[in-house]
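Now for the letters of each chain:
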Amino acid sequence: MSHLLQLITPALPEVFMAVAAMVLLLVGVFREKESTTLLTWLALAAMVVAGGLVIRSAPVTAFNGLFVVNGFTSYAKILMLVGAGLTSLLINSWAQREKTARNELPVLVMFATIGMMMMISANDLISLYVGLELQSLSLYVLAAYDRDNQRATEAGVKYFVLGALASGLLLYGSSLVYGFGGTTTFDGLATAVKAGPASLGLMIGVVFVIAGLAFKVSAVPFHMWTPDVYEGAPTPITAFFSVAPKIAGLCLFLRVLVGPFGNMIEQWQQVIIFISILSMGWGAVAALAQKNIKRLMAYSSIGHVGYALIGLVVGNEEGARGLLVYLLIYLFMNVGTFAVIMSMRVKGKNVEDISDLSGMAKNHPVMAAVLAALMFSMAGIPPLAGFLGKFYIFVAAVNAGFVWLAVVGLLASVISAVYYIRLIKIMYFDEPGTAFDAPDKLAGTLMVGCGVLMLVIFVLPSSLVDSAQAAARALFLG
Amino acid sequence: MIIASLAFYLFSIIGVIAALNVIFQRNPVHCVLWLILTFFNAAGLFVLLGAEFVAMILVVVYVGAVAVLFLFVVMMLDINVTIMREGFMKYLPMGALIGIILLVELAFVFGGWTMSPAAEGLRLAPAPDMADVNNTQALGNILYTNYVYLFQASGLVLLVAMVGAIVLTLRRRPGVRKQKISEQVARRAEDTLSVVQVEVGKGLQ
């Protein structure tokens, strides 16, 4: 017994979450009647406990090198758990309102979360893939969860088919890497890459792995699924998609490229620069023409991934720190914005057009002020946190000699500011349209909380940046 | 040795015939039945190669689950193959052209194929030694020790697949009359029956 405990201790948060998810599944079955609210709170409690276990966990490599825990993975997991926890509350309040609640809903969110924790801690191409599949499968089901809604099922099918394609690319790349590198463990690959000039086959394999991962974080040119899935899936589930998997995916991206393939930086840097510029550019330009606010958020998140990838291009501790700070701020910006989008309801029906926001400042001054703050923050305008995120990324780029890349990023953020500020103009200067229903308590609290955080983070960034710095250092040590 | 080669030719010939029948049969249900026969013969070939684990998996997974699933799908979907085969001649030239190009490419690949001497050496001395353990045991030894993490994680993936399939397709229909045996047993005569004296010439109210 004690031997078993010793064996699973490194993965205790994951094991705890998995056991809790299965227990909740049983609770749901035995209670028979719909009790999603209870299960959501239990799931949230499990996530809090798992978060505590993550904080307490010591750096270690376990399960024959398949699984790793260090300061970086703990930081990323905490961030991801916060995102998953907040959005699961939103998901529950949506499900109650639309009468679509079923007991499996919080359990599926939990399974997706376990998959993401496993991705973040993966130290082998196989455990990377298994974690990714666990996450993706749960997300496909969640996208199509509102099964009587044609657009949601369409979103689910599109996500599933394209996601399977991406998994195929990733596996093909992994098999090439295994063939030419001789092993699938990250540590072994790092030694193999250090040993000599990288072979062509290994390089092709790495490019395929990058393509697969880029798909999962929806970076251009692998972004085609994003707008459709974001638009079709129920709003709070879209919020979940835009937060937790992005955090897990980008952290995994960072770990894969600077860990095993750190010595091939000259080769993969070009690819990531290309992806990053395209994402920033296309995210800014394509969003200009959008009429649906969820599609707009999809392009916005594509753009944000582009900025975050600059931190990956730099490929040093400062870049990793920038990426982590960026993800932290992105998390709260997105949760807040989606809480507002969820509250866009006229007489009990959801509306999603940007024009529906017209004159919101008159009807709902607080909500409009919060959305304005969040949009300014997304655009990266100074007295708000979004500026800091971009600042640390661009500083890292400039210090590493990528001045031109920082300039491209600045230009893209100027273009994207156009559509963020257009929303503010519609809210404040257009003729008032129909008033929305009063937002429910939870969404109201979340949006105001996130709006205030944008200011607080800007005033007091030092402790956040310090913790991100520590996490980034742990990544490059281990 | 002669028995082994006899078995090899038996399994191969039946396997090839069964595989051809999978393609040429008109009735899709017959196709699936031939497919099951093909699987069995392939499993026999694996046993001859000394790969008894793969043979078992082939029978358990492919025959037991996949083929039966196919059978269900084919029976339920009611596919009309003759309609699907319409236009076969129209697409034949294009399909044949692509097939030939693919064949030539494959010929090039195999023409330039060389076996690395190290790989040849590894093949001749498998680890662990097959004289000590059979391959089912060898696989089990590493699957439940070195790779237990992945084994459990794959279990979770399968659980999610099952939960997801149920979430997306199970519908509870209201108003379905189900037999509740406990209620039937608990029912007593005095709850449901009453004896009424009916006067002559009058009916029950």
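In this text, all values refer to a predicted model and were calculated from it rather than measured experimentally.

**Comments concerning the overall build of chain B**
Logical step 1: Each helix and strand counted, chain B has 10 helices and 0 strands in total.
Logical step 2: In sequence order, chain B lays out its α and β elements as α-α-α-α-α-α-α-α-α-α.
Logical step 3: Taking the principal axes of its C-alpha atoms as reference, chain B extends roughly 105 × 55 × 40 Å.

**Here we look at the overall build of chain A**
Logical step 1: Per the secondary structure count, chain A includes 20 helices and 4 strands.
Logical step 2: Computed over the C-alpha atoms, the radius of gyration of chain A is 21 Å, within 12% of the 23 Å expected from 2.2 N^0.38 for a compact globule of 478 residues.
Logical step 3: Counting only C-alpha atoms and orienting by the principal axes, one finds that chain A spans roughly 65 × 60 × 40 Å.
Logical step 4: A burial count over chain A gives 58% of its 478 residues as buried.
Logical step 5: Within chain A, contacts between residues at least 6 apart in sequence are counted, and of these 80% link residues at least 24 apart.

**Some thoughts on the confidence of the model for chain B**
Logical step 1: On average, residues of chain B carry a pLDDT of 86, and 97% of them reach 70 or more.
Logical step 2: Here the prediction assigns the complex a pTM of 0.88, and the interface score ipTM is 0.92.

**Quick word on the nonpolar core**
Logical step 1: Among the nonpolar cores identified, the biggest contains 192 residues, and A:Leu90, A:Ala143, A:Ile247 and A:Leu327 are the most heavily contacted of them.
Logical step 2: Here this core takes 18 residues from helix α14 (residues 317-342) of chain A, the largest share from any one element.
Logical step 3: Not counting chain neighbours up to four residues away, the residues in contact with A:Leu327 comprise A:Leu79, A:Ile247, A:Leu250 and A:Ala308.
Logical step 4: In this structure, B:Val32, B:Leu35, B:Phe39 and B:Leu58 belong to the second largest nonpolar core, which totals 5 residues.

**Considering the interface of chain B and chain A**
Logical step 1: Listed by partner, the interface residues are 13 residues for chain B and 23 residues for chain A.
Logical step 2: Considering only residue class, the side of chain B that touches chain A consists of 10 nonpolar, 3 polar and no charged.

**Topic: unusual backbone geometry**
Among all residues except glycine, the phi angle is most often negative; among peptide bonds, the trans geometry is most common.
All names here are of chain A.
Logical step 1: Going from valine 220 to proline 221, the amide bond is cis rather than trans, its omega being 0°.
Logical step 2: Backbone geometry at phenylalanine 63 places phi at a positive 50°, although glycine is not the residue there.
Logical step 3: Here phenylalanine 63 is to be found in the loop between β1 (60-62) and β2 (67-69).
Logical step 4: The backbone of lysine 99 sits at a positive phi, close to 55°, despite the residue not being glycine.
Logical step 5: Within the secondary structure layout, lysine 99 lies in the loop between α4 (71-98) and α5 (104-121).
Logical step 6: The exposure class assigned to lysine 99 is exposed, which follows from the 7 C-beta atoms found within 10 Å.

**Thoughts on the packing of helix α6 (residues 125-143) of chain A against helix α8 (residues 148-169) of chain B**
Logical step 1: One can describe the packing of α6(A) onto α8(B) by two numbers: an axis separation of 9 Å at closest approach and a directional angle of 10°. Taken together, the axes of α6(A) and α8(B) lie roughly parallel to each other. Side by side, α6(A) and α8(B) meet where A:Ile126, A:Ser127, A:Val130, A:Glu133, A:Leu134, A:Leu137, A:Ser138 and A:Val141 of the first sit next to B:Tyr149, B:Leu150, B:Ala153, B:Ser154, B:Leu156, B:Val157, B:Val160, B:Ala161, B:Gly164, B:Val167 and B:Leu168 of the second.
Logical step 2: The residue inventory of the contact of α6(A) with α8(B), partitioned by class, reads 14 nonpolar, 4 polar and 1 charged.

**Here's the deal with the environment of A:Tyr159**
Residue and element names in this part refer to chain A.
Logical step 1: Mapped onto the elements, tyrosine 159 comes out in helix α7 (residues 150-181).
Logical step 2: We classify tyrosine 159 as buried; it has 24 C-beta atoms within 10 Å.
Logical step 3: Once you skip the residues sitting within four places of it in the chain, tyrosine 159 turns out to touch Tyr140, Ala143, Trp225 and Val229.

**Quick notes on the environment of A:Leu24**
Residue and element names in this part refer to chain A.
Logical step 1: In this fold, leucine 24 is placed in helix α2 (residues 12-31).
Logical step 2: Accessibility expressed as a C-beta count within 10 Å gives 21 for leucine 24, which makes it buried.
Logical step 3: Once the C-alpha coordinates of leucine 24 and lysine 425 are considered, the two residues, 401 residues apart in sequence, prove to be 46 Å apart.
Logical step 4: Non-local contacts of leucine 24, meaning those with residues more than four positions away in its chain, are made with Leu39, Leu42, Ala43, Pro106, Val107 and Met110.

**What about the domain arrangement of chain A?**
Residues and elements named next belong to chain A.
Logical step 1: Here chain A is partitioned into domain 1 (1-260) and domain 2 (264-478).
Logical step 2: A separation of 22 Å is found between the C-alpha centroids of domain 1 and domain 2.
Logical step 3: In this complex, domain 1 contributes 46 residues to the contact, which on the side of domain 2 involves 46 residues.
Logical step 4: Broken down by element, the side of domain 1 that touches domain 2 gets its largest block of residues, 14 residues, from helix α11 (residues 235-258).

**A look at the packing of helix α13 (residues 293-314) of chain A against helix α17 (residues 385-399) of chain A**
All names here are of chain A.
Logical step 1: Remark: α13 packs on α17, axes separated minimally by 9 Å, with the N-to-C direction vectors making an angle of 30°. In terms of orientation, α13 lies roughly parallel with respect to α17. In the packing of α13 onto α17, the handedness of the crossing is left-handed. Of α17, the residues touching α13 (which contributes Tyr307, Ile310, Gly311 and Val314) are Lys390, Ile393, Ala396 and Ala397.
Logical step 2: In the contact of α13 with α17, the residues fall into 6 nonpolar, 1 polar and 1 charged.

**Some points on helix α10 (residues 225-232) of chain A**
Along an α-helix, residues three or four apart share an orientation, since each turn contains 3.6 residues.
Residues and elements named next belong to chain A.
Logical step 1: Of all 8 residues in α10, 7 are buried, a share of seventy percent or more.
Logical step 2: If you check which residues of α10 are buried, you get Trp225, Thr226, Pro227, Val229, Tyr230, Glu231 and Gly232.
Logical step 3: Contacts from the buried residues of α10 go to α6, α7, α11 and α13.

**Points about the environment of A:Phe261**
All names here are of chain A.
Logical step 1: By secondary structure assignment, the location of phenylalanine 261 is in the loop between α11 and α12 (265-287).
Logical step 2: Separated by 72 residues in sequence, phenylalanine 261 and leucine 189 place their C-alpha atoms 7.3 Å apart.
Logical step 3: The residues contacting phenylalanine 261, other than those within four sequence positions of it, are Val193, Val206, Val256 and Trp268.

Conventions we followed
Residues numbered from 1 in each chain as written. Chains lettered and ligands numbered in written order. Predicted model: local features only at pLDDT ≥ 70, side-chain atom pairs only at ≥ 80, totals over all residues. Helix = DSSP H or I, 4+ residues; strand = E, 2+ residues; numbered from the N terminus. Rg over C-alpha atoms; globule rule 2.2 N^0.38 Å. Buried ≥ 20, exposed ≤ 12 C-beta atoms within 10 Å, placed from the backbone. Contact = placed C-beta atoms within 7 Å. pLDDT = per-residue confidence, 0-100. Core = buried A, V, L, I, M, F, W, Y, C linked by C-beta atoms within 7 Å. Nonpolar A, V, L, I, M, F, W, Y, C, P; charged D, E, K, R; others polar. Axes fitted to C-alpha atoms, helices over the stretch in contact; angles between N-to-C directions. Parallel < 35°, antiparallel > 145°, perpendicular 65-115°, else oblique. Domains from an automatic or database assignment. Left-handed = near helix turned anticlockwise from the far one by under 90°.

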